Amino acid sequence: MKNFTSSILFPISLLFLLSFSYVNSANPSGFIKCVTRNSQVSKILASNVLAPSDSSYTATYEFSMRNPRFNTSERLKPAVIVTPVADSQVQTVVNCAKTFDMQIRIRSGGHDFEGLSYSSTYQNVPFVLLDMIKLKSVTVDAKAKTAIVQAGATLGEVYYWIYRASGTLAFPAGVWSTVGATGLICGGGYGPLRRKYGLAADNVIDARLVDAKGRILDRQAMGEDVFWALRGGGCASFGIVLSWTLNLVDVPEKVTTFLIQRTLEQNATKIIHPFQTIAPKLPKEVDIRVRISTIESPTTARGKTVELSFTGLYLGAPDVLLKLIQKKLPQLIMVKEDLKEHTWIEAVMESSFFNMFEDTYSPEDLLDRTFLFDLPTKAKSDFVRDPISEEGLEGLWEKLLEVNPAETTIIFTPYGGRLSEIKESALPFPNRAGTLYMVYTRVLWVGDTTKKLEWIRSLYSYLTPYVSNNPRRAYSNYDDIDLGINPATGPITLADAKVWGKAYYKSNFDRLVRVKGMIDPDNFFRHEQSIPPFLPKADM
Ligand SMILES: Cc1cc2nc3c(=O)[nH]c(=O)nc-3n(C[C@H](O)[C@H](O)[C@H](O)COP(=O)(O)OP(=O)(O)OC[C@H]3O[C@@H](n4cnc5c(N)ncnc54)[C@H](O)[C@@H]3O)c2cc1C
Ligand SMILES: *[C@@H]1O[C@H](CO)[C@@H](O)[C@H](O)[C@H]1NC(C)=O
Ligand SMILES: *[C@@H]1O[C@H](CO)[C@@H](O)[C@H](O)[C@H]1NC(C)=O
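Keep in mind that this is a model prediction, so the values were computed, not measured.

Draft legend 1. Region of the structure containing the site of ligand 3. Taken together, Q266, N267 and I333 are the residues near ligand 3. Bound to the protein, ligand 3 loses 34% of the 360 Å² it would expose on its own.

Draft legend 2. Spotlight on the site of ligand 2. Every residue near ligand 2 is listed here: E62, P68 and N71. Contact between ligand 2 and E62: a nitrogen atom at 2.9 Å from a side-chain N or O atom of the residue. Take N71: an N or O atom from its side chain is 2.4 Å from an oxygen atom of ligand 2. Expressed as a share of its isolated accessible area of 360 Å², the protein-covered part of ligand 2 is 37%.

Draft legend 3. Highlighting the environment of G180. Inspection of the secondary structure puts G180 in the loop between strand 7 (169–170) and helix 6 (181–186). Separated by 171 residues in the primary sequence, G180 and S351 have C-alpha atoms spaced 16 Å apart. Every residue in contact with G180, bar those within four places of it in the chain, is listed here: G109, H111, A153 and T154.

Draft legend 4. Layout of the packing of helix 15 (residues 494–505) against helix 16 (residues 508–519). Taken N-terminus to C-terminus, the directions of helix 15 and helix 16 make an angle of 120 degrees; their axes are 8 Å apart at the nearest point. Relative to helix 16, the element helix 15 lies oblique. In this structure, the crossing between helix 15 and helix 16 has a hand that is right-handed. Contacts from L494, A497, K498, W500, G501, K502 and Y505 of helix 15 reach helix 16 at N508, F509, D510, L512 and V513. Partitioning the contact of helix 15 with helix 16 into residue classes produces seven nonpolar, two polar and three charged.

Draft legend 5. Representation of the nonpolar core within the structure. V158, F171, L230, W244, L246 and W344 are the most contacted members of the largest nonpolar core, which totals 69 residues. Among all residues touching L230, those that are not within four sequence positions of it are I185, C186, A207, L209, M222, C235, F238, V241 and W244. I292, V403, V439 and V467 belong to the second largest nonpolar core, which has 43 residues in total.

Draft legend 6. Region of the structure containing the state of the cysteines. Counted by the stated rule, this structure contains two disulfides. Put simply, C34 and C96 are joined by a disulfide, and their sulfur atoms are 2.0 Å apart. Taking the sign of the S-S torsion, -75 degrees for the link of C34 and C96, the bridge is left-handed. In this pair, C34 sits in helix 2 (residues 28–35) while C96 sits in helix 4 (residues 87–99), placing the two residues 62 residues apart along the sequence. Here C34 and C96 have matching classes, each one buried. Each sulfur in the disulfide pair C186 and C235 lies 2.0 Å from the other. For the disulfide bridge between C186 and C235, the dihedral angle about the S-S bond is near -105 degrees, and by the sign convention the bridge is left-handed. With a gap of 49 residues between them, C186 in helix 6 and C235 in the loop between helix 8 (219–230) and strand 10 (240–247) connect regions that are remote in the sequence. Both residues of the pair, C186 and C235, count as buried.

Draft legend 7. Representation of helix 15. Under the 1.5 Å per step criterion, the end-to-end length of helix 15 is only 14 Å for twelve residues, more than 12% shorter than the ideal 16 Å. Taken together, the buried positions of helix 15 are occupied by L494, A497, W500, G501, A503, Y504 and Y505. Of the residues one or two after helix 15, K506 is the one with positive phi, at around 50 degrees.

Draft legend 8. Region of interest: the domain arrangement of the protein. Taken domain by domain, the protein consists of domain 1 (2–131) and domain 2 (255–344 + 371–473). Every contact between the two is made by eight residues of domain 1 and, on the other side, eight residues of domain 2. Between domain 1 and domain 2, roughly 660 Å² of surface is buried when both sides are summed, and carbon and sulfur atoms account for 50% of that area. On the domain 1 side of the contact with domain 2, R66, R69 and F113 bury the most area, a combined 63% of that side's loss. On the surface where domain 1 and domain 2 come into contact, there are two salt bridges. For the salt bridge of E114 with K378, the shortest nitrogen-to-oxygen distance reads 2.7 Å. For the pair domain 1 and domain 2, the number of links is four residue pairs in polar contact (both at pLDDT 80 or more). Considering only residue class, the side of domain 1 that touches domain 2 consists of three nonpolar, two polar and three charged.

Draft legend 9. Focus on the side chain of N523. Within the secondary structure, N523 is located in the segment after helix 16. The class for N523 is buried, based on a relative accessible area of 10%. For N523, the contacting residues outside a window of four places in its chain are I492, K516, I531 and P533.

Cut-offs used in this document
Here, residues in each chain are numbered from 1, in the same order as that chain's written sequence. Whichever chain is written first becomes A and whichever ligand is written first becomes 1, with later ones labelled in order. It should be noted that, the model being predicted, local features are given only for residues of pLDDT at least 70 and side-chain atom pairs only at 80 or more, the latter also being counted only at that level, while totals for whole chains, interfaces and linings use all residues. For the side-chain quantities, the full set of heavy atoms in the structure was used; hydrogens and water were omitted. One heavy atom within 4 Å of a molecule or strand is enough for the residue carrying it to be called near that molecule or strand. Values of accessible area rely on a 1.4 Å probe in the Shrake-Rupley scheme; residue burial ignores everything except the protein chains shown. What qualifies as a polar contact is a pair of N or O atoms within 3.5 Å, subject to a donor-acceptor requirement within protein and to the restriction that residues adjacent in sequence count only when both atoms come from side chains. Note on conventions: DSSP H or I runs of at least 4 residues are helices, E runs of at least 2 residues are strands, and numbering of each starts at the N terminus. The criterion used for residue contact is that any of the two residues' heavy atoms lie within 4.5 Å. Only C-alpha atoms enter the line fits that serve as axes; for helices the fit covers just the stretch in contact. Angles between N-to-C directions range over 0 to 180 degrees. Should an angle fall under 35 degrees it is called roughly parallel, over 145 degrees roughly antiparallel, and 65 to 115 degrees roughly perpendicular, with every other angle called oblique. Two helices crossing with the near one rotated counterclockwise from the far one by less than a right angle form a left-handed crossing, whereas a clockwise rotation gives a right-handed crossing. Residues were grouped as follows: Ala, Val, Leu, Ile, Met, Phe, Trp, Tyr, Cys and Pro as nonpolar; Asp, Glu, Lys and Arg as charged; and all remaining residues, including Gly, as polar. Residues grouped as a nonpolar core are buried Ala, Val, Leu, Ile, Met, Phe, Trp, Tyr and Cys residues, joined through side-chain atoms within 4.5 Å. Relative accessibility decides the category of a residue: with a 1.4 Å probe and only protein chains considered, values under 20% of the type maximum give buried, values over 50% give exposed, and everything between is partly exposed. Only a pair of cysteine sulfur atoms within 2.5 Å counts as a disulfide in this structure description. To estimate the expected span of a helix, subtract one from its residue number and multiply by 1.5 Å. Domain start and stop points were drawn from an automatic or database domain assignment. Here's the idea: put two parts together, see how much 1.4 Å probe accessible area each one loses, and the total over both is what we call buried area. Whenever a carboxyl oxygen of Asp or Glu lies within 4 Å of a side-chain nitrogen of Lys or Arg, that contact is scored as a salt bridge.

The following block contains the structure:
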């Protein structure tokens, strides 16, 4: 009996070992020994290198898991988490990861829409999570109007330290204070100042990067191609960003904000229909976004309705804005009482916290990474180039009324202004002139999640005739693995990568592929939607 068991088991376990080593030779324990060894460029303290058995592993992992949808065993978690405290330690991580065949995921703010900065869909490929959370200093030079921002800083931290240096300087980035400045810049990054000053990436003047060879390169050393790619082309394909030098822009001491809400029963369709073409042509100083939600409505037949929230920021005085909107968009029926005058930092907080905490916040809350809640969500994006007809909008409301109140949000973000003046090829982000607005669609990942996924996909297919096509565009910062993913290991087929690549980057994808071929020809930095490397003249 004994002999029988061992003769059966032996070949099976051997086979298992062989197939494992065939699939992957990653060696997490070798990696851990390597990064903590004195002979490295810069040794990392054992307390900053965590294996799943370490007591602080889970807390560190989950702290910047900003989308609880990925708190699931369907995703592979890191074999090792490293939280470097010095730039040179990032070089050590790259060198040791290469030696021990470990892939790397890089996390700054942790808001990645598909959780790919900290978890993986490749169940058989162990990886190191490089968590940049301890490298987060922000140094502002108000006189030069620049700031040097380390990779791990959040938008809240960037905004706070600029505010401490000056009440009339700003960086044109996004809302929601816990979003990482780095991830946001890596995909372009838009916010309330986009129509006046363009994207966050349009306002970056230098960067420092650790490449696959473990070198630290600044703009001059990396060259204009790589510097171009980092500003919107998804940095995690090219290396590890250590810091950015940002160009700061002028804002008035006082600005105006508003929130106007209208339901379907309050003529919402009659406002949003003309809004689609009017908003992109308003003066650059006006930002109006529209948040669209399904809400409870006991007085309507179905007990629910659709509500449009027009949230605005104007770089000027209330009376000027009032006159302008009454003239250009009378359908909104804006009145004086809708408008509030704020200092710049108050307006930043109001927009950063989506008008939710306006009476209780203080600027220091921008530094608090636990101030905002994290919701489990699945999201998608689109770009609209021709206005959607009233019938099209009414069909959209019908789609929204299919889900429970509060379980979905759509946001229309008008473009135009400075965004349209910049050439499509200037940076990887291609959605410039000709774009009326961006559409963000999101469903809350609660209850029957299979149904939620089906629903948001059906919404996406409903929108097909109304949005950009050939290619149908998507915002790379709202990454969506429904568009396709790379294989876990081995070569990537360019034709497959083009499906999502052209959606995010249009023809700029071709240049990204060439830049990747130059800076990382061995494809060391890879993930589900990383840019594949092809050298110039490869079959494009
Ligand atoms: C609530 C919320 C609000 C948002 N608001 C806006 C908005 O107003 N405007 C806007 O444009 N976008 C917005 N976004 C999208 C946001 O820009 C992206 O999710 C962005 O990728 C988040 O950056 P992060 O650093 O937080 O994410 P992470 O998950 O840390 O990283 C995102 C990507 O960047 C890579 N990366 C991170 N750090 C580095 C590094 N140091 N070097 C190389 N690669 C790195 C990651 O590997 C990953 O691929 C929002 C997202 C959420 C969830
Ligand atoms: C993840 O799930 C675990 C187990 O259900 C739970 O204890 C933890 O709070 C969750 N964390 C996050 C960030 O959602
Ligand atoms: C809706 O439009 C009608 C007709 O133009 C108008 O009488 C009414 O006041 C509007 N309602 C709101 C809430 O704007």
